[in-house]
Amino acid sequence: MLMVDANCQNLTRTVNVDFHNHIQPRDVAKDGDFNSVIDIARATMGEGAFLGVAGFNDVRFQDFSKRRGYDRRYFDNDVYVEQQVIWIVNSLEVPLNMGGREYHLLIVGLPIGELVEPHRTLDDTIRSAREYNARIIGVHPFGPYGLGHFFQTRSSYLDDIDGIEVHNGEVFWPNPLKPWQFPNRIAQEFYDRVKDTHQKLAPIVSSDGHSQAEIGTSYKQFPIPERIESSDDLVS
């Protein structure tokens, strides 16, 4: 769970959250990047922000959280950097195999070092994530590898996930040569149609960044309660 102790964070009315940022390709990551990432997150997202460091079939968060830099406090699935008042959260983008096609989901809040097995069915992936009490987000739903069209015809699955991206920074710019020309607009319109019948489904804004330059370019403000005891308090 995303444990936030009121004693180590000055609570404000909202908190800025980006659960979906790959930071940079794993093979070019350097030790000195820890402080740089934290500093950029503080400058662009503000005090108390949550930044999801998302792996892709790798323990990217675990590797990142061990790099040299600021003192930090470790929890089950996140790390708190008190000097900059920033939280980094363990996220994992997981590829699914459905009918011979690949789709992606974002799993947020896995215990540090744990992975969800890739290339399985949607049901199996959801089941695995719930075993860890993790949150599940449908990413770039009407972009590449998105489940948006699947959810349109099988809307009951929207009750099995916690959020859906209505804005993904990587698919922001329309391309007339691509069939996903306006994916964020389509995603927002889809969410607006289903939100009343799936009231626990949260609208998510993510950068889906792959470089430090993209940290803080897209995020969502969530109301913050007196105490955050789990990711349910943010993704709800």
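Predicted, not measured: the structure shown is a model, and the values here were computed from it.

*Asks:* So, the pairing of strand β4 (residues 78-81): which residues are in play, and what are the values?
*Replies:* Alternating positions in β4 separate into two faces, Asp 78 and Tyr 80 on one and Val 79 and Val 81 on the other, with burial throughout. Summarising the sheet, strand β3 (residues 73-74) and β4 pair through 2 bridges and their orientation is antiparallel. Looking across to β4, one finds that Tyr 74 is bridged to Val 79. Following β3, the chain reverses through 3 residues before pairing antiparallel with β4. Between β4 and strand β5 (residues 86-98), which pair antiparallel and follow one another directly, the connecting turn spans 4 residues, one of which, Val 85, has a positive phi of 55°.

*Asks:* Tell me about the pattern of salt bridges, and please be specific about residues and values.
*Replies:* Per the stated rule, a full pass over the model turns up 7 salt bridges. Residue Glu 47 pairs with Arg 42 through a salt bridge whose shortest N-O separation is 3.5 Å. The class for Glu 47 is partly exposed, based on a relative accessible area of 36%. Of the residues examined, Arg 42 reaches a relative accessible area of 28% and is grouped as partly exposed. Put simply, Arg 60 and Asp 58 hold a salt bridge, and the shortest N to O gap is 2.9 Å.

*Asks:* Before we move on, can you summarise the layout of surface pockets with the specific residues and values?
*Replies:* Its volume calculated, the second largest pocket comes out at about 210 Å³. In terms of lining, the second largest pocket is formed by His 22, Phe 56, Arg 60, Glu 93, His 104, His 140, Pro 144, Tyr 145, Glu 170, Val 171, Asp 208 and His 210. Here the lining of the second largest pocket is composed, by residue class, of 4 nonpolar, 4 polar and 4 charged.

*Asks:* Can you lay out the nonpolar core for me, pointing to particular residues and giving the numbers?
*Replies:* Core analysis: the biggest nonpolar cluster contains 29 residues, and Leu 96, Leu 122, Leu 147 and Phe 151 have the highest contact counts within it. Those elements giving two or more residues to this core turn out to be β5, β6 (101-108), α3 (122-131), α4 (148-153), β8 (163-168) and α5 (183-194). Apart from the residues within four sequence positions on either side, Leu 147 is in contact with Leu 96, Met 98, Tyr 103, His 104, Leu 105, Leu 122 and Pro 141.

*Asks:* Would you mind going over the packing of aromatic side chains in detail, with residue names and values included?
*Replies:* In this structure the tally under the stated criterion is 7 aromatic pairs. Geometrically, the ring pair formed by Phe 75 and Trp 87 is tilted, given 5.4 Å between the ring centres and 40° between the ring planes. Of this pair, Phe 75 sits in the loop between β3 and β4 while Trp 87 sits in strand β5; the two residues are 12 residues apart in sequence, bridging distant segments of the chain. Take Trp 87: its relative accessible area is 0%, and that puts it in the buried class. Between Tyr 80 and Trp 87 the ring centres are 4.6 Å apart and the planes differ by 40°, which places this aromatic pair in the tilted class. Following the ring pairs from residue to residue traces out a cluster consisting of Phe 50, Phe 75, Tyr 80 and Trp 87. Lying over the aromatic face of Phe 34, Arg 72 brings its terminal NZ or CZ to 3.7 Å of the ring centre.

*Asks:* Can you explain unusual backbone geometry? Please cite residues and give values.
*Replies:* Even without being a glycine, Asn 133 presents a positive backbone phi close to 60°. Structurally, Asn 133 can be placed in the loop between α3 and β7 (135-138). Although it is not a glycine, Tyr 145 adopts a positive phi angle of roughly 65°.

*Asks:* Talk me through helix α1 (residues 33-45); I want residue IDs and the actual numbers.
*Replies:* The end-to-end C-alpha distance of α1 is 17 Å, a good match for the 18 Å that 13 residues give at a rise of 1.5 Å each. Burial in α1 covers these residues: Asp 33, Phe 34, Val 37, Ile 38, Ala 41 and Met 45. Around the axis of α1, the buried residues are gathered within 135° of arc, so they sit on the same side. Those residues of α1 hidden inside the fold are in contact with β1 (14-21), β2 (50-56), α2 (60-65), β4 and β5.

*Asks:* A description of empty space enclosed by the protein should follow, citing residues and the corresponding values.
*Replies:* On inspection of all chains with the given rule, the structure shows 2 cavities of 30 Å³ or more. The space that makes up the largest cavity amounts to roughly 50 Å³. Counting residues per element, the ones that place at least two in the lining of the largest cavity are α2 and β5. Here the lining of the largest cavity is composed, by residue class, of 4 nonpolar, 5 polar and 3 charged.

The rules behind these values
- Residues numbered from 1 in each chain as written.
- Predicted model: local features only at pLDDT ≥ 70, side-chain atom pairs only at ≥ 80, totals over all residues.
- Heavy atoms only, no water.
- Buried < 20%, exposed > 50% of the residue type's maximum accessible area, 1.4 Å probe, protein only.
- Helix = DSSP H or I, 4+ residues; strand = E, 2+ residues; numbered from the N terminus.
- Pairing = 2+ DSSP bridges.
- Salt bridge = Lys/Arg side-chain N within 4 Å of Asp/Glu carboxyl O.
- 1 Å grid on protein atoms, 1.4 Å probe; cavity = no way out; pocket = protein on both sides within 12 Å on 5 of 7 lines; lining within 4 Å.
- Points joined across faces, edges and corners; volume = space filled by probe spheres on them.
- Nonpolar A, V, L, I, M, F, W, Y, C, P; charged D, E, K, R; others polar.
- Core = buried A, V, L, I, M, F, W, Y, C linked by side-chain atoms within 4.5 Å.
- Contact = heavy atoms within 4.5 Å.
- Phe/Tyr/Trp six-rings, centres within 6.5 Å; stacked < 30°, edge-to-face > 60°.
- Lys NZ or Arg CZ within 6 Å of the ring centre and 35° of its normal.
- Expected span 1.5 Å × (residues − 1).
- Arc of directions from axis to C-beta.

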